[in-house]
Amino acid sequence: MRRRSEPREDLPHVTSRRWIALLDKRTLSIPHVPLRDRKYDRQLRIWGAHGQQLLESSRVCLLHCGPTGSETLKNLVLGGIAAFTVVDDAKVQPHDLGNNFLLDSSSLGKSKAQHVTTLLEELNESVAGSFVEESPSTLLETNPDFFLSFTLVIATQMIEPDVIKLEDLCHSLEIKLLVVRSYGLVGSLRASLQEQTVIESKPDNHVENLRFHKPWRELEDFAMSIDLATADDILHKHTPYAILLIQATKQWHATHGPELPQNAREKQAYRDILQSWQRRIDDVPIEEENFTEAIENSRKVFAPPGIGREVQMVLYDPKAMELDPRSSDFWVLAAALRDFVEGEGEGCLPIEGSIPDMWATTELFLALQRVYRDKAERDTAAVRGHLARRLASIGRDAAAIDAKTLRNFVKHAHCLRVVRWRRLAQEVAPGTCDAAALRQALGDEDTAANACLYLLLRAVDRFHTLHARFPGCYDGEFEDDVPLLKSVAVGMLAEVGLASGALVDDLVHEVVRCGTLVYNAMASTTSVFQF
Amino acid sequence: MEDLDGRWRDLNRLLARPGNIVGPGFEPQDEWIEFLQHQVRVLCVGAGGLGCELLKDLALSGFGNIDVIDLDTIDVSNLNRQFLFRMKDVGKSKAKVAAERVMERVQGVTVTPHFCRIEEKDRDFYEEFHLILLGLDSLEARRYMNQIACSFLEFDEDGKPDLSTIKPMIDGGTEGLKGHARVILPGITPCFDCTLWLFPPQTKFPLCTLAETPRSPAHCIEYVHLIQWPQEKGGEEFDSDDDTHMQWVYQQALKRAQQYGIQGVTLQLTQGVVKNIIPAIASTNAVVAAACTLEALKLVTLCSTGMNNYMMYVGTDGIYTHTAQYERDTQCLVCGAGVPMQVSPTATLQEVIDTLKESPALGGRHLRRPSISSGSSNLYMHGPLEESTRPNLRKTISSLVDGDGSILQVNDPGLAGPMRVSLQFRQS
């Protein structure tokens, strides 16, 4: 099998015309794909150039480089972050070699942070690594400014009081924080930052808003320009389903009034309209792909995609309602988008401009695509007008947000997101914790085990504060710690007014059995990253 | 060698301490590590995105004897996730480089590479392993391994699987931010062929759309790839790994798109469409491989309750997992105790074989030279026994088998493993 990936160094010197011709053919006509794009090809197909650019500008700080931390960072280094720094004061011990692949036997007795850094750097030459041989909790106490230079801090295997301190710091510095823990066969992952706004959330099951139920004038004119009754057979079976559905909807309204089909009988009546238009031989409808597609897609008429709950939350977020000179571009854009929806959009988001493939001739499909693209252009221009007014109202230049950013925002209007996280300190303090939610989770069969484990992972930290060790860390009499851990957990439940009945004894035992063990496969499981 | 005493401290806690949430009959003991290191043989099929993770996880779960099989060589586009490979390894065998790297890093583990296709190894090779893990990216390869694993399965007279013949298989799969892990215990949990519906059909464009009414850049690319290349390149076989081939398709598709006024043909899209590229990232592979390895450890040691039997993982919007208990298809051709086949008791063996060959439901179209046995008796065999068994072809089937409900075992070069047919006598 032939494979060529690197420019070959062993090509003969170009001495003959033949070689020149060959080289011309090989290199001159071929656009060069940068090595970087080839290396990252499989992930670029998920998050695109913009996502990759964000990843490549990330500077990551890892606290503790056991298997949990090392595996997490490994996946980020492979993806191509800008740089990382590992913070750990431990020396490599034999048991580290049994669960951490980013160490080898030559590192025994030496700095763990240094050796993990060296082996991580091997994974991707574009990533710069460094390390600090110090305990994360000491660093947090003595040198908080250290964290200033990072965009993301990944805290692994840290106990609750330290995480609370770290979260305070990260919030005040506006640094993203991920808290990762693996404990035996259990793990937890917590993302923490004040607010994350997302434009390209890439939802899984997006249905384009094609506005069959509410076509604008140009779309309706285009749809009605085709007369199915007089069309020749070729045109009849190549009329895109979008046009069939718009015509059928118009006829439905003419005969049934302004309401769209609701129940099964009405939906069937709607589909009957489509079927009545099909060409027949001996009164049997002939198979026409476009009609099959129209009937399959008629649900897009019955349940037109509105503005999703999550997009509503963005549009009517207090930050979009009340702009001030410090408002971020996202919120200014969100306000302009809301102006559009409430104004010329008549309750709809701007048209995205792309349409799914549908059975049609090339000409008809491209003409239809143009109708949608033109409308998308006009909608974007309308949002641009609102944006200029919004910018002016807060004393910013009308061109402060460029056309490309606006276009991207409008194109993804249907998948805007804002996510805000509760602080761990609020979540755990008896005064502010949501005891009702915890009670409900502990009482519901589907969530009880997870809720119990959530509580127990916090209880082992409390145990550590009380006893200066984790439960089950001594091999001999590990089961003695079961009642001790249970009493800690019961105490925590009592603090927030909950009864102890919800605690599952087998899970308490399991957490103690696993002691402080870290199993590499579990560490890998918690190594998921999102950005 | 350094003193590595205590290396397995953490793993040993999991295996030597009694627990309440463990597999049936779990025996906590220190000897598990020794057993994993020296007694168990596991096979990892695939040394790609999942394979690299599986090998690392297996080695750090104490498995000391691992084989890995992969026919592929390392490409630049592997490096964003296949962490055992470096830029300098491009072009080398994945199985060999992966095996070397794991042995360098984890002392004492033996990883034996096999740089070949899975079809190049015979059934005896696969029989050696106690456990098979799959890190594959195609349904065809999965089905092949499925036939192999299920071929070892035997049933008793009541149609109950003989537990000692079960070859456990653990399958991982990923696609972008999604993945799955499943445990296949042939005869107990569904095999691939029981649940083929889990694999969605691939999108294929109708040829007339490609030729007459292209509407999207993908249509233009597939036209050049499927229709124009064979027309214009004579007998030259298209090789998607050859850059000049790919460039030709890209340039021609670009031309065709311009002709029709279609926008959006890029080299990246051309590669994606032609090679059917599946997006892939490191963390999905890490999660799925970890789940698979953990199940492997549990199957061998029973140190915790096992997965029953299919876990899906979705990392698109937050993180979501769900475990479902799928059901076996009792009529499954591959892992069933016997697919019912109606025959007349007076039919000759030759007539039974003919019926078999004509039956699409029994996979008859795959049969080329079927050899038939029932229990321990050979009814008709190709090869050295052909002559001695040939007279049976004229005998009635009822004189050759025990009676109604008897199981015929069919072996054929067209099948990866034996097929079981349950005879249902009907009076003619």
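Residues numbered from 1 in each chain as written. Chains lettered and ligands numbered in written order. Predicted model: local features only at pLDDT ≥ 70, side-chain atom pairs only at ≥ 80, totals over all residues. Heavy atoms only, no water.

## Observations regarding the domain arrangement of chain A
Rules: Where a domain begins and ends is set by an automatic assignment or by a domain database.
When cut into domains, chain A gives domain 1 (41-185), domain 2 (217-302), domain 3 (309-420) and domain 4 (424-513). Once you take the C-alpha centre of each, domain 3 of chain A and domain 4 of chain A turn out to be 47 Å apart.

## Side note on the side chain of B:Gln252
Going by this rule: For helices the rule is a DSSP run of H or I covering at least 4 residues; for strands it is a run of E covering at least 2, with both sets numbered from the N terminus onward. Note on definitions: a residue-residue contact is assigned when non-hydrogen atoms from the two residues lie within 4.5 Å.
Tracing the backbone through its elements, the reader meets B:Gln252 in helix H9 (residues 243-260). Setting aside anything within four residues of it in sequence, one finds B:Gln252 in contact with B:Val224 and B:Gln228.

## Digging into the UniProt feature "domain: THIF-type NAD/FAD binding fold" (unreviewed entry) in chain A
Quick note on the threshold: UniProt positions are given in the numbering used here, feature names are shortened, and annotations may be inferred rather than shown by experiment.
UniProt records the feature "domain: THIF-type NAD/FAD binding fold" (unreviewed entry) at residues 40-193 of chain A, using the numbering of this structure. For residues 40-193 of chain A, the end-to-end C-alpha separation is 28 Å, with 39% helix and 23% strand making up the annotated structure.

## Re the packing of helix H3 (residues 49-59) of chain B against helix H11 (residues 282-301) of chain B
When two helices pack together, you describe them by how their axes are tilted relative to each other and by the distance separating the axes. Residue and element names in this part refer to chain B. Condition: Axis angles are defined between N-to-C directions and span 0 to 180 degrees, where every axis is a line fitted to C-alpha atoms and, for a helix, only to the segment in contact. Note on angle classes: values under 35 degrees are labelled roughly parallel, values over 145 roughly antiparallel, values of 65 to 115 roughly perpendicular, and the remainder oblique. Each crossing is labelled by how the near helix is turned from the far one, with a counterclockwise turn of less than a right angle marking it left-handed and a clockwise turn marking it right-handed. Under the grouping applied here, Gly and all other residues not named as nonpolar or charged are polar, the nonpolar ones being Ala, Val, Leu, Ile, Met, Phe, Trp, Tyr, Cys and Pro and the charged ones Asp, Glu, Lys and Arg.
Where H3 meets H11, the closest approach of the two axes is 9 Å, and the angle between their N-to-C directions is 45°. The orientation of H3 relative to H11 falls into the category oblique. As for how H3 packs across H11, the hand of that crossing is right-handed. Residue-level inspection shows Gly49, Leu50, Glu53, Leu54, Asp57 and Leu58 of H3 in contact with H11, the latter providing Asn285, Ala286, Val288, Ala289, Ala290, Cys292, Thr293 and Ala296. When grouped by side-chain class, the residues that make up the contact of H3 with H11 number 9 nonpolar, 3 polar and 2 charged.

## Remarks on the interface of chain B and chain A
To keep it simple, the criterion reads: Two parts placed together each lose some accessible area; with a 1.4 Å probe, that loss summed over both constitutes the buried area. The salt bridge definition used is simple: a Lys or Arg side-chain nitrogen within 4 Å of an Asp or Glu carboxyl oxygen. Nitrogen and oxygen atoms within 3.5 Å of one another constitute a polar contact, given that in protein one can donate a hydrogen and the other can accept it, and given that sequence-neighbouring residues count only through two side-chain atoms.
Taken together, the contacts link 89 residues of chain B with 82 residues of chain A. Of the roughly 7300 Å² buried between chain B and chain A on both sides combined, carbon and sulfur atoms contribute 56%. Interface area lost by chain B to chain A is led by B:Arg17, B:Arg105 and B:Arg215, which between them contribute 12%. Joining chain B to chain A, the criterion identifies 5 salt bridges. The interface formed by chain B and chain A contains 25 residue pairs in polar contact (both at pLDDT 80 or more). Counting residues per element, the ones that place at least two in the side of chain B that touches chain A are helix H1 (9-16), H3, helix H4 (94-105), helix H7 (207-212), H9, helix H10 (267-275) and H11 of chain B. It is H11(B) that provides the largest number of residues to the side of chain B that touches chain A, a total of 8 residues. Residues belonging to the side of chain B that touches chain A are distributed by class as follows: 39 nonpolar, 27 polar and 23 charged.

## Description of the pairing of strand E5 (residues 169-175) of chain B
All names here are of chain B. Definition in use: Type-normalised accessible area, obtained with a 1.4 Å probe on protein chains alone, sets the label of each residue: buried when under 20%, exposed when over 50%, and partly exposed for intermediate values. Whether two strands pair comes down to DSSP finding at least two bridges between them.
For E5, a buried count of 5 out of 7 residues is recorded, marking the element as mostly surrounded by other parts of the structure. Taken together, the 4 bridges between strand E4 (residues 131-135) and E5 define a ladder with parallel strand orientation. Note that in E5 the partner of Ile132 across the bridge is Met169. With 7 bridges joining them, E5 and strand E6 (residues 178-184) adopt antiparallel strand pairing.

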